[in-house]
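# Observations on the model geometry
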Amino acid sequence: MKSVRSCIGTLVVLVLFRVGEIAEACSCSPVHPQQAFCNADVVIRAKVVGKKEVDSGNDIYGNPIKRIQYEIKQIKMFKGPDRHIDVIFTAPSSAVCGVTNLETNGKKEYLISGKAEANGKMHVTLCDLIMPWESMSATQKKSLSQRYQTGCDCKITRCATFPCEITAPEECLWTDWVTEKIIHGPQSDHYACIKRGDGSCSWYRGAAPPKKEFLDLEDP
C-alpha cells in the first residue's frame, strides 16, 4: 500500500511539474507575414554580430531582470524610426518568448520585426516575424518595401478548419493551413491582402501595382 501511495505521489509531482512547464511555455498564434509587418513598430534587414546577457532593471522583489542584447548591423529599414538600429533586446529564454538562437558571426542576414519601447530600444519575441533573409520568397522581399504597408487597413483571417468564411469585405481569408497543412504556404509566400478602389480587400500576386491579378478566395 505504501508503494502505491509513493507511486501516486510521484505521479502527482510529475504532473504538477509538467503543468508548470506548460504554463511557462511561449505560445504564439500563427500570423501571415503581412500581419506581422503591420503589427510591428520596426522592421529591418540586418546581420547579428554579437550577443550578451544584460541587466534591465529590477523586478518588484529587487531581483535583476535579465535580457539578451544582440548587436546588429542594419542593412535596410522597411518600417520604423528615422535612425539606425544598433542593438535589439529579447527575453533570456524561449520559455518566455525570447529569441535565443540567432547566429552571431555576422554572416547570415535576417529579417527582424519587433516593438519599439518607450526608451527607443527595439524588443523582439518569438511571436514576431524573424527569419533568415535567404529563406524569404521574392514576393515577400518586394512586399516589404510598399505592398504590405498598403494592406495594413485590411484584415487577414486565418482559416483553421473548413468551413470558414469572411465576415466583412475588408477581410482576406488565409487558408494555407487547411489546404496545404502548413503555415508558410502559397498565400504566405506569394500573396498580399490589398485594398481595392471600392474599399474591399483581396489577395494579390504580382510585381506591378494591383490591377487585375486579384485572387478572390471567397469566390470559387
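Calculation notes
Residues numbered from 1 in each chain as written. Predicted model: local features only at pLDDT ≥ 70, side-chain atom pairs only at ≥ 80, totals over all residues. Heavy atoms only, no water. Helix = DSSP H or I, 4+ residues; strand = E, 2+ residues; numbered from the N terminus. Buried < 20%, exposed > 50% of the residue type's maximum accessible area, 1.4 Å probe, protein only. Contact = heavy atoms within 4.5 Å. Areas by Shrake-Rupley, 256 points an atom, 1.4 Å probe, with all protein chains shown as cover. pLDDT = per-residue confidence, 0-100. UniProt positions renumbered as here; feature names shortened; annotations may be inferred. Polar contact = N/O pair within 3.5 Å; in protein donor to acceptor, adjacent residues only side chain to side chain. Phe/Tyr/Trp six-rings, centres within 6.5 Å; stacked < 30°, edge-to-face > 60°. Lys NZ or Arg CZ within 6 Å of the ring centre and 35° of its normal. Lys, Arg positive; Asp, Glu negative; His and termini not counted. Salt bridge = Lys/Arg side-chain N within 4 Å of Asp/Glu carboxyl O. 1 Å grid on protein atoms, 1.4 Å probe; cavity = no way out; pocket = protein on both sides within 12 Å on 5 of 7 lines; lining within 4 Å. Points joined across faces, edges and corners; volume = space filled by probe spheres on them. Nonpolar A, V, L, I, M, F, W, Y, C, P; charged D, E, K, R; others polar.

### A word on the overall build of the protein
For the protein, the helix and strand inventory stands at six helices and 11 strands. Each of the 220 residues in the protein was classed as buried or not, and the buried ones make up 35%. Of the contacts made within the protein by residues no fewer than 6 positions apart, 54% connect residues no fewer than 24 positions apart. Entry remark: accessible area of the protein is about 12900 Å², with carbon and sulfur atoms responsible for 54%.

### Observations concerning the confidence of the model for the protein
Mean pLDDT for the protein: 85, with 82% of residues reaching 70 or above. With pLDDT under 50 throughout, residues 4–23 is counted as low confidence; its partners more than four residues away or in other chains account for zero contacts. Segment residues 216–220: pLDDT under 50, and seven contacts once partners within four positions in sequence are set aside and those in other chains are kept.

### Focus: the UniProt feature "binding site: Zn(2+)" (unreviewed entry) in the protein
According to UniProt, the feature "binding site: Zn(2+)" (unreviewed entry) maps to Cys26 in the numbering used here. With respect to the helices and strands, the residue Cys26 is situated in the loop between helix 1 (2–24) and helix 2 (33–39). For Cys26, the contacting residues outside a window of four places in its chain are Ser94, Ala95, Cys97, Leu126 and Cys127.

### A word on the UniProt feature "site: Involved in metalloproteinase-binding" (unreviewed entry) in the protein
In this numbering, the UniProt entry assigns the feature "site: Involved in metalloproteinase-binding" (unreviewed entry) to Asn39 and Lys66. Tracing the backbone shows Asn39 in helix 2. Considering the arrangement of structural elements, one finds Lys66 in strand 2 (residues 64–79). Ignoring anything within four residues of it in the chain, the contact list for Lys66 reads Glu53, Val54, Asp55 and Pro92. Of the polar contacts made by the side chain of Lys66, one reaches the side chain of Asp55; its length is 2.6 Å.

### Overview of the packing of aromatic side chains
Applying the stated criterion across every chain yields a total of two aromatic pairs. Their ring planes at 10° and their centres at 6.0 Å tell us that Phe78 and Trp133 sit as a pair that is stacked. Of the two residues, Phe78 sits in strand 2 while Trp133 sits in the loop between strand 6 (130–132) and helix 3 (138–143), which places them 55 residues apart along the sequence. We note that Phe78, like Trp133, is buried. Above the plane of the ring of Phe37 lies Lys79, whose end atom (NZ or CZ) is 5.2 Å from the centre.

### A closer look at the side chain of Asp128
Locating Asp128 in the fold gives a position in the loop between strand 5 (122–123) and strand 6. Buried charge Asp128 goes without a salt bridge, the closest partner of opposite sign being Lys115 at 6.1 Å. Only 2.7 Å separates the side chain of Asp128 from the backbone nitrogen of Thr125, close enough to count as a polar contact. Apart from the residues lying within four places of it in its own chain, the contact partners of Asp128 are Ser113, Gly114 and His123.

### Topic: the layout of surface pockets
Here the largest pocket is characterised by a volume of approximately 320 Å³. Leu126, Asp128, Leu129, Ile130 and His184 are, among the 20 residues lining the largest pocket, the residues nearest its centre. Of all the secondary-structure elements, those providing two or more residues to the lining of the largest pocket are helix 2 and strand 6. For the lining of the largest pocket, the element with the most residues is strand 6, which contributes three residues. Per-class residue counts for the lining of the largest pocket are 15 nonpolar, four polar and one charged.

### Regarding unusual backbone geometry
Following Phe162, the chain continues to Pro163 via a peptide bond in cis, the omega torsion being 0°. Along the polypeptide, Pro163 turns up in the loop between strand 7 (155–158) and strand 8 (171–174). Positioned with a positive phi, Cys97 is a non-glycine residue whose angle comes to about 70°. Take Cys97: it is sitting in the loop between strand 3 (87–90) and strand 4 (109–116). Phi is positive for Lys181, which is not a glycine, with a value near 65°. Tracing the backbone through its elements, the reader meets Lys181 in the loop between helix 5 (176–180) and helix 6 (186–190). Owing to a relative accessible area of 58%, Lys181 belongs among the exposed residues under this scheme.

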